[in-house]
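# Tertiary structure, described
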Amino acid sequence: MAAEQTKPEARAEARAGARAGADRDEDSGARAADKSSQGVVTAFGQSMKTLRTRAGMEREELGNRLGYSASTIASFEQGRRIPPPRAIDRTDQVLDAGGLLTVWKEMLEKAQYPAFFQGMAQLEKRAMELLAYDTVVVNGLLQTEEYMRALLAMRCPPLDQETIEQRVMARLARQDIFDRCPAPLLSFVMDESVLRHRYGGKEVLRGQLEHLILTGQRRNVELQVMPTDCEDNAGVNGPFTVVTRKDGKKFLYVEAQNTSTLATDPEQTVLAAARYGIIRSQALTPRESLTFIEKLLGEL
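What comes next is a walk through the structure. (Residues numbered from 1 in each chain as written. Predicted model: local features only at pLDDT ≥ 70, side-chain atom pairs only at ≥ 80, totals over all residues. Heavy atoms only, no water.)

### Looking at the pairing of strand β1 (residues 127–134)
Selection criterion: Whether a residue is buried, partly exposed or exposed follows from its accessible area with a 1.4 Å probe, protein chains only, as a fraction of its type maximum: under 20%, in between, or over 50%, in that order. By definition, any uninterrupted DSSP run of H or I lasting at least four residues is a helix, any uninterrupted run of E lasting at least two residues is a strand, and each is numbered from the N terminus. At least two bridges found by DSSP between two strands is the condition for calling them paired.
Within β1, 6 of the 8 residues are buried, which leaves it mostly tucked inside the rest of the structure. Where β1 meets strand β4 (residues 240–245), 6 bridges bridge the pair, whose relative direction is antiparallel. What sits directly across from Ala132, in β4, is Thr241. Inspection of the sheet shows β1 paired to strand β2 (residues 185–191) by 6 bridges, in the parallel sense. By the bridge assignment, Asp134 is partnered in β2 with Met190.

Here it is, written out as structure tokens:
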């Protein structure tokens, strides 16, 4: 007969079981959120098709009036692609829908992102300050379209082409944050290795470095590089983002392997912001960083 567990062993086993249960709940929640988002897209498409049919209009005719092909209209109606907000407004007008399509815009905007990122996407829209430390790839807010496509094409398992197109459009839409008024304060620190990876090839990297130089010159943006020969780095635990909302509340966002955590605990968020401040002090200054990126660009 097996010996009885000691109390510490029993507690450890209970904690392990709780963690496993939490992981299962999180995975289940993520799948449910993805399913819910797809349900929204599908329902919108069905509504669009019903209204088009009611108007006695073929897909080709609607596409001509909106500037899309008939196959793209089919993708919208079949829930395989989300139309941009302006297309939704125009479709509502053309089909004389009386707002039956425009009411979907907010839900569709949320549904265009993976479930694990939807909370962060909404938070970015209300950000007064955003601090991001990146160690693997260029931050999504700073990526060129070519760089985005290169990254998405490398996903394993592979993404279908329509999902790639949707992710690209969604990521580009997030970059409206740079032109918002009043302008939020945006700070990015990235490891030197991020700037050296030739994802998509040399020309893709060249375009990305050029874009970083231009973006780093914006008055509300500070862009810094953490050189690989730096002997101290408070960011060894990995990438993270701290967002401060207009009401002063801080959020800590951490993402890895298609999962994410969005923490609001004051102790965690304040410590993360303080850690980011240390990282910034250890990195090259914004002026030095732009010079460094120009040097990398000249080496390509």
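### Here's the deal with the pattern of salt bridges
To keep it simple, the criterion reads: Salt bridge, as used here, is a side-chain nitrogen of Lys or Arg placed within 4 Å of a carboxyl oxygen of Asp or Glu.
Using the criterion set out here, one finds 15 salt bridges in the structure. Notably, a salt bridge pairs Arg206 with Glu203, separated by 3.4 Å at the nearest N-O pair. Within this pair, Arg206 and its partner Glu203 are both found in helix α10 (residues 202–215), separated by 3 residues, close to a single helical turn. By relative accessible area, which is 21% here, Arg206 ends up partly exposed. Using a relative accessible area of 54% as the deciding quantity, one classes Glu203 as exposed. A salt bridge links Lys295 to Glu299, with the shortest nitrogen-to-oxygen separation between them at 2.8 Å. In this pair, Lys295 and Glu299 both sit in helix α12 (residues 286–299), 4 residues apart, roughly one turn of the helix. The exposure class assigned to Lys295 is partly exposed, which follows from its relative accessible area of 46%.

### Regarding the packing of helix α2 (residues 59–66) against helix α3 (residues 70–77)
The test is simple: Axes here mean lines fitted to C-alpha atoms, for a helix over just the part in contact, with angles spanning 0 to 180 degrees between N-to-C directions. Small angles under 35 degrees read as roughly parallel and large ones over 145 as roughly antiparallel, with 65 to 115 read as roughly perpendicular and the rest as oblique. The criterion used for residue contact is that any of the two residues' heavy atoms lie within 4.5 Å. Gly is placed with the polar residues, together with every amino acid not listed as nonpolar (Ala, Val, Leu, Ile, Met, Phe, Trp, Tyr, Cys and Pro) or charged (Asp, Glu, Lys and Arg).
Close contact between α2 and α3 brings their axes to 8 Å; oriented N to C, the two are set at 100°. Between α2 and α3, the crossing angle belongs to the class labelled roughly perpendicular. Facing α2, whose interface residues are Arg59, Glu60, Leu62, Gly63 and Leu66, α3 presents Ala70, Ile73, Ala74 and Glu77. Residues of the contact of α2 with α3, tallied by class, amount to 5 nonpolar, 1 polar and 3 charged.

### Concerning the pairing of β4
Within a regular strand, side chains alternate between the sheet's two faces. Where burial is concerned, most of β4 is hidden: 5 out of the 6 residues are buried. Note that β4 and strand β5 (residues 250–256) share 4 bridges and pair antiparallel. Paired with Thr241 across the bridge in β5 is Tyr253. What sits between β4 and β5 in their antiparallel hairpin is a turn of 4 residues, with Gly248 showing a positive phi close to 90°.

### Points about the packing of aromatic side chains
Quick reminder of the rule: Centres within 6.5 Å are what make two rings of Phe, Tyr or Trp a pair, Trp counting through its six-membered ring; a difference in plane orientation under 30 degrees is then read as stacked, over 60 as edge-to-face, and the rest as tilted. Two thresholds decide whether a charge sits over a ring: the Lys NZ or Arg CZ must be within 6 Å of the ring centre and within 35 degrees of the ring normal.
All chains considered together, the criterion is met by 8 aromatic pairs. Where Tyr68 meets Phe76, the ring centres are 5.3 Å apart and the plane angle is 85°; that geometry is what we call edge-to-face. Classification of Tyr68 by relative accessible area gives partly exposed; the value is 24%. A connected cluster of aromatic rings, assembled from ring pairs, spans Tyr113, Phe117 and Tyr253. Here the basic side chain of Arg275 rests over the ring of Phe240, its NZ or CZ set 5.0 Å away from the ring centre.

### Examining the sheet that holds β4
Strand order in the open sheet formed by 6 strands is β3-β2-β1-β4-β5-β6, with mixed pairing between adjacent strands. The open sheet has two edge strands with one neighbour each: β3 (221–226) and β6 (259–263). Averaged over all pairs of adjacent strands, the angle between strand axes in this sheet comes to 15°, irrespective of strand direction. In the packing of helix α11 (residues 266–282) onto the sheet, the strands contacted are β1, β2, β3, β4, β5 and β6, and the crossing angle to β4 comes to about 115°.

### Some details on α12
For clarity, the cut-off: What a helix is expected to span follows from its residue count: subtract one and scale by 1.5 Å. Read the arc as the range of directions from the helix axis to the C-beta atoms.
Taking 1.5 Å of rise per residue, the 14 residues of α12 would be expected to cover 20 Å, and the 20 Å separating its terminal C-alpha atoms lies within 8% of that figure. Taken as a whole, α12 has its buried residues at Ser289, Leu290, Phe292, Ile293, Leu296 and Leu297. Down the axis, α12 shows its buried residues gathered within 160° of arc, on one side only. Opposite the buried face of α12, by more than 90 degrees, sit the exposed residues Arg287 and Gly298.

### Regarding the nonpolar core
Selection criterion: The set of buried Ala, Val, Leu, Ile, Met, Phe, Trp, Tyr and Cys residues whose side-chain atoms join them within 4.5 Å is what this entry labels a nonpolar core.
Ranked by internal contacts, the top residues of the largest apolar core, which has 38 residues, are Phe188 and Leu212. Sort the elements by how many residues they give to this core and α10 lands first, with 5 residues. Aside from chain neighbours lying at most four places away, what touches Leu212 is Val138, Leu142, Met190, Leu195, Leu223, Leu290 and Ile293. Counting 19 residues, the second-largest nonpolar core is a separate cluster that includes Val41, Leu66, Phe76 and Ile82.

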